[in-house]
Number of protein chains: 2
Amino acid sequence: MRHFDELLEELRNKLLDMSAMVQTAIRESVSSLELSDESRAQSVLQGESDVNRMELDVDQLVTSLLALEQPVAGDLRFITAAGKINNNLERIGDLAVNIAERSESLIQHPHVAVRTDIAKLAEMAEAMVRMALDAFIRKDADDARAVLVSERAINDLRDVIFNDLIQQMKKDPKSVQACVDLMFAARNLERIADHATNIAEAVVFMVDGIDLRHHHVPVDV
Amino acid sequence: MRHFDELLEELRNKLLDMSAMVQTAIRESVSSLELSDESRAQSVLQGESDVNRMELDVDQLVTSLLALEQPVAGDLRFITAAGKINNNLERIGDLAVNIAERSESLIQHPHVAVRTDIAKLAEMAEAMVRMALDAFIRKDADDARAVLVSERAINDLRDVIFNDLIQQMKKDPKSVQACVDLMFAARNLERIADHATNIAEAVVFMVDGIDLRHHHVPVDV
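Participant: What should I look at first to understand the overall build of chain A in this one?
Facilitator: In terms of regular secondary structure, chain A is built from seven helices and zero strands. Seen in sequence order, chain A has helices and strands lined up from the N terminus as α-α-α-α-α-α-α. Relative to a compact globule of 221 residues, whose C-alpha radius of gyration would be 17 Å, chain A shows 19 Å and is just as compact. Considering only C-alpha atoms, chain A reaches an extent of 65 × 45 × 20 Å along its principal axes. Split into buried and exposed, the 221 residues of chain A put 52% on the buried side. Summarising the internal contacts of chain A: among those between residues at least 6 apart in sequence, 85% fall at separations of at least 24. Of the roughly 9,900 Å² of accessible surface on chain A, a fraction of 50% belongs to carbon and sulfur atoms. Distance between charge centres in chain A, computed from 24 positive and 39 negative side chains, equals 4 Å.

What follows is the structure, given as structure tokens:
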């Protein structure tokens, strides 16, 4: 079983590399947005193909492990969770690319001062991704469950940001394009948080064998 | 192997049921949007939990087949493709729910006449989903590949719709909320098309064993 354990270790390491790449992409795309820094947006766009290549690598490794090694029980759950986490990380990478593109559009358009809580939303989404990946590394289902409670706060903040932007567009037609860009950036951050939730659910399934999807205890009534 | 074949057949049948449910949800949500018909939006919202339950069922079946039956080669590819198609169908169901919610918001807001090509975008996205699922049923990789070429046309039409809506918002501040709703509805349709692409890629992988993700031949230069 030495070969099998080595492949599992390789799978774990690749996912860690991919996690690091994707977290950098989020940070750079958000900084680009906040600082109107085009070079950061460019670096995110250039990194996209690396993330895509990594996704295919990991998926191939997952398929090989399933096909050649016919794992059972805990190993099977680890491998299927790794496959799901891999796909979610790739989607997070895509969303960081979308944010970088919105940042580029914002830089090109005449500057319009728009105050929103996007920085706060970005911080929350980044924290959720970090917590979900830490929970995966430490195989800690409680930490993974802790990620799930943030969903409500993310949605509330998104509503506040959307309302602010809609009011702004009504008041100042010149700000419409900038507000649309910020709205989609906020939407992308919300979806990054959704993928962090998916990763956390995959970790709970991996550790406890419980499928939490569509079964969150609602925070409100 | 009788038991195994029966489980495979059950997997296929559940996916077909889920496909039908999700296609109905798209059609109803788009009709609700086009006809300002709240009852259709409601029926989509009520159907969401059925789609979610079905996703869990199918995923459990996929995991059992992988764990208990240790399939190889073609069967393994069918089962992993079924898992991916399942997750994409559930996401399409979610996106139909989002469209239904945008429709409800549009109905609540004072009527603003906004002309866009959303009906056309909806038709294209629906056709892609239908073609991808037909290709899966018939295990036809060529038909699956035919789905992939629509991506460019979808993106072009989305750009036209977004531009129309942005111009409209600049011209008429009263239309902002309605235009934002339509913008997100269009974005949801675009993402439904993305999921149809994912399903088509899973079919190509299932039939030919070739992973097309991130390797589309670009239509433009």
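What follows picks up the thread again.
Participant: What should I look at first to understand the pattern of salt bridges in this one?
Facilitator: Any two side chains of opposite charge can pair, on the condition that their charged atoms come close. All names here are of chain A. Inspection of the entire model under this criterion finds 34 salt bridges over all chains. The closest approach of N and O atoms between D50 and R53, which form a salt bridge, is 3.3 Å. Of this pair, D50 and R53 both sit in helix α2 (residues 38-69), three residues apart, roughly one helical turn. The partly exposed category is assigned to D50, whose relative accessible area is 35%. Residues E190 and R158 are paired through a salt bridge, measuring 2.6 Å at the closest nitrogen-oxygen approach. Residue E190 is located in helix α7 (residues 176-208), and its partner R158 is located in helix α6 (residues 151-171); the two are separated by 32 residues in the primary sequence. R158 shares its class with E190; the two are buried. One salt-bridge network, in which partners are shared between bridges, spans R158, D159, R187 and E190.

Participant: Any chance you could explain the packing of aromatic side chains here in plain terms?
Facilitator: The geometry of an aromatic ring pair is captured by two quantities: the separation of the ring centres and the angle between the planes. Going through the model one piece at a time under the given rule, you end up with five aromatic pairs over all chains. When the ring of F78 of chain A is compared with that of F136 of chain A, the centres are 5.9 Å apart and the planes differ by 10°; the resulting orientation is stacked. Note that F78 of chain A is positioned in helix α3 (residues 73-108) and F136 of chain A in helix α4 (residues 118-138), a separation of 58 residues in sequence. A relative accessible area of 5% means that F78 of chain A is categorised as buried. Residues F162 of chain A and F184 of chain B carry aromatic rings whose centres are separated by 5.4 Å and whose planes lie at 25° to one another, so their mutual orientation is stacked. With F162 of chain A in helix α6 and F184 of chain B in helix α7 (residues 176-208), this residue pair bridges two chains. For F162 of chain A, a relative accessible area of 9% puts it in the buried group. Joined through ring pairs, the aromatic side chains of F162 and F184 of chain A together with F162 and F184 of chain B make up one cluster.

Participant: When you look at the interface of chain A and chain B in this model, what are you seeing that I'm missing?
Facilitator: With 34 residues of chain A at the contact, the number on the chain B side is 34 residues. Taking both partners together, chain A and chain B bury about 2,900 Å²; carbon and sulfur atoms supply 64% of that area. Between K84 of chain A and D59 of chain B there is a salt bridge; the shortest N-O distance is 3.0 Å. Summed over the shared surface of chain A and chain B, the result is two residue pairs in polar contact (both at pLDDT 80 or more). Listing elements by their share of the side of chain A that touches chain B, those giving two or more residues are α2, α3, α6 and α7 of chain A. Counting residues per element, the side of chain A that touches chain B draws most heavily on α7 of chain A, at eight residues.

Participant: Looking at this model, I keep getting lost on the nonpolar core. Mind explaining?
Facilitator: Formed by 134 residues in total, the largest nonpolar core has its most connected members in M169 of chain A together with M169 of chain B. For M169 of chain B, the residues in contact, after removing those within four places along its chain, are M169, V176 and V180 of chain A together with S175, V176, C179, V180 and M183 of chain B.

Participant: What is the right way to look at the relation of the copies chain A and chain B in this model?
Facilitator: Turning one copy of the chain about an axis and sliding it along that axis gives the other copy, so a rotation and a shift relate them. Turning chain A through 180° and shifting it by 0.0 Å along the axis lays it on chain B, with an RMSD of 0.0 Å. Accordingly, the operation relating the two chain copies is best matched by a two-fold axis. Across chain A, the smallest distance between a C-alpha and the rotation axis is recorded for Q70 of chain A, namely 2.9 Å. The overlap is high: 100% of the interface residues of chain A also sit at the interface in chain B, so the same surface is used on both sides.

Participant: I'm lost on the environment of T63 of chain A in this one. Help?
Facilitator: All names here are of chain A. With respect to the helices and strands, the residue T63 is situated in helix α2. Using a relative accessible area of 26% as the deciding quantity, one classes T63 as partly exposed. The sequence separation of T63 and G83 amounts to 20 residues, and the corresponding C-alpha distance is 8.8 Å.

Calculation rules
The numbers attached to residues start from 1 for each chain and follow its sequence in the written order. By the order in which they are written, chains take letters starting at A while ligands take numbers starting at 1. The predicted origin of the model limits local features to residues at a pLDDT of at least 70 and limits the giving and counting of side-chain atom pairs to 80 or more, whereas totals for whole chains, interfaces and linings rest on all residues. Each side-chain value is derived from all of the structure's non-hydrogen atoms; neither hydrogens nor water enter the calculation. Elements are defined by DSSP. Helices are runs of H or I of four residues or more, strands are runs of E of two residues or more, and each kind is numbered from the N terminus. Radius of gyration: over C-alpha atoms. The globule rule applied is 2.2 Å multiplied by the number of residues raised to the 0.38 power. To sort residues, take the accessible area from a 1.4 Å probe on protein chains only and compare it with the maximum for the residue type: under 20% means buried, over 50% means exposed, and anything in between is partly exposed. Note on definitions: a residue-residue contact is assigned when non-hydrogen atoms from the two residues lie within 4.5 Å. Using a 1.4 Å probe, the Shrake-Rupley method yields the accessible areas, and only the shown protein chains count as cover for residues. As used throughout, the charge tally considers Lys and Arg to be positive and Asp and Glu to be negative, leaving His and the chain termini uncounted. Charge positions come from single atoms, namely NZ of Lys, CZ of Arg, CG of Asp or CD of Glu. Salt bridges, as used here, are contacts in which a Lys or Arg side-chain nitrogen is within 4 Å of a carboxyl oxygen on Asp or Glu. Aromatic rings from Phe, Tyr and Trp, taking only the six-membered ring of Trp, are treated as a pair when their centres fall within 6.5 Å; an angle between ring planes under 30 degrees marks them as stacked, one over 60 as edge-to-face, and anything in between as tilted. Buried area: the accessible area, evaluated with a 1.4 Å probe, that two parts lose upon being put together, summed over both parts. By the criterion applied in these results, polar contacts are pairs of N or O atoms within 3.5 Å in which, for protein atoms, one can donate a hydrogen and the other can accept it, and in which residues neighboring in sequence qualify only through two side-chain atoms. Think of a nonpolar core as a cluster: buried Ala, Val, Leu, Ile, Met, Phe, Trp, Tyr and Cys residues, connected wherever their side-chain atoms sit within 4.5 Å. Copies are brought into register by a least-squares superposition over C-alpha atoms of residues with pLDDT of at least 70 in both.

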